Amino acid sequence: QSSVIMKSVNLEGQHVFGTYRLKGKLLEIALDQAVSEMIKAGYSAPMVDTAVMYRNNAQVLKCMCKYPNVIVGSKIKHSGDVGKSELKDLIETFGDRLHRVLLHRHMPTENFDMLLEAKQQGLIKEVGVSNYSVSQLEELLH
């Protein structure tokens, strides 16, 4: 049996497995191993983290089919209409398994507002940001 070094993090009781740079058979093996271990450890709804820029959403979804309780966190890369399209694609791809969406980099406040609107509509449960500096977070929150 193959062993894969996995990158995962425990955030407030939520165990998250990241899929950055994973594709093909390696993604399949790593995701299967990580999710199996998280379930064995007692996590009822492990999260798989991906992003639009990783270009592995379809394969992540395929690998998740045998794990009905796995949820997804993802990130959008672009602002404006492209960002709206990315969010729409994530919602269509992952459906109610899409739990969290982050802005992958600093973007205009309108993009965060778009995520908040999707949350208010019940399309996603959590929103946030990634790769923001303190000053960028302050700008977003004011």
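Heads up: the structure comes first, above all this text.
Remember, predicted model here, so these are calculated numbers, not experimental data.

Quick notes on the rules
- Residues numbered from 1 in each chain as written.
- Predicted model: local features only at pLDDT ≥ 70, side-chain atom pairs only at ≥ 80, totals over all residues.
- Heavy atoms only, no water.
- Core = buried A, V, L, I, M, F, W, Y, C linked by side-chain atoms within 4.5 Å.
- Buried < 20%, exposed > 50% of the residue type's maximum accessible area, 1.4 Å probe, protein only.
- Helix = DSSP H or I, 4+ residues; strand = E, 2+ residues; numbered from the N terminus.
- Contact = heavy atoms within 4.5 Å.
- Polar contact = N/O pair within 3.5 Å; in protein donor to acceptor, adjacent residues only side chain to side chain.
- Axes fitted to C-alpha atoms, helices over the stretch in contact; angles between N-to-C directions.
- Parallel < 35°, antiparallel > 145°, perpendicular 65-115°, else oblique.
- Left-handed = near helix turned anticlockwise from the far one by under 90°.
- Pairing = 2+ DSSP bridges.
- Right-handed = clockwise from strand over helix to strand, strands pointing away.

(A) Representation of the nonpolar core within the structure. The biggest cluster of nonpolar side chains holds 30 residues, and the ones touching the most others in it are Leu 31, Ile 76, Val 101 and Leu 115. Broken down by secondary-structure element, the contributors of at least two residues to this core are helix 1 (24-40), helix 2 (57-64), strand 4 (71-76), helix 3 (80-94), strand 5 (98-103) and helix 4 (109-120).

(B) The environment of Ala 118, seen in detail. Within the secondary structure layout, Ala 118 lies in helix 4. Those residues in contact with Ala 118 that lie beyond four places of it in its chain are Leu 87, Leu 123 and Ile 124.

(C) Summary view of the side chain of Lys 75. Mapped onto the fold, Lys 75 is located in strand 4. Using a relative accessible area of 5% as the deciding quantity, one classes Lys 75 as buried. Of note is the side chain of Lys 75, whose polar atom sits 3.1 Å from the backbone oxygen of Thr 50. Not counting the four nearest positions on each side in its chain, Lys 75 is found in contact with Asp 49, Thr 50, Ala 51, Val 52, Tyr 54, Leu 90, Leu 102, His 104 and Ser 130.

(D) Region of the structure containing the packing of helix 2 against helix 3. One can describe the packing of helix 2 onto helix 3 by two numbers: an axis separation of 10 Å at closest approach and a directional angle of 20 degrees. Judged on the interaxial angle alone, helix 3 and helix 2 are roughly parallel. Crossing geometry of helix 2 relative to helix 3 is assigned as right-handed. Taken together, the residues of helix 3 that come into contact with helix 2 (itself represented by Asn 57, Val 60 and Leu 61) are Leu 90, Thr 93 and Phe 94.

(E) Spatial organisation of the pairing of strand 6 (residues 126-129). Judged from the four bridges that link them, strand 5 and strand 6 form a sheet pairing that is parallel. Within strand 6, the residue paired with Arg 100 across the bridge is Glu 126. One crossover worth recording links strand 5 to the parallel strand 6 by way of helix 4, and it is right-handed.

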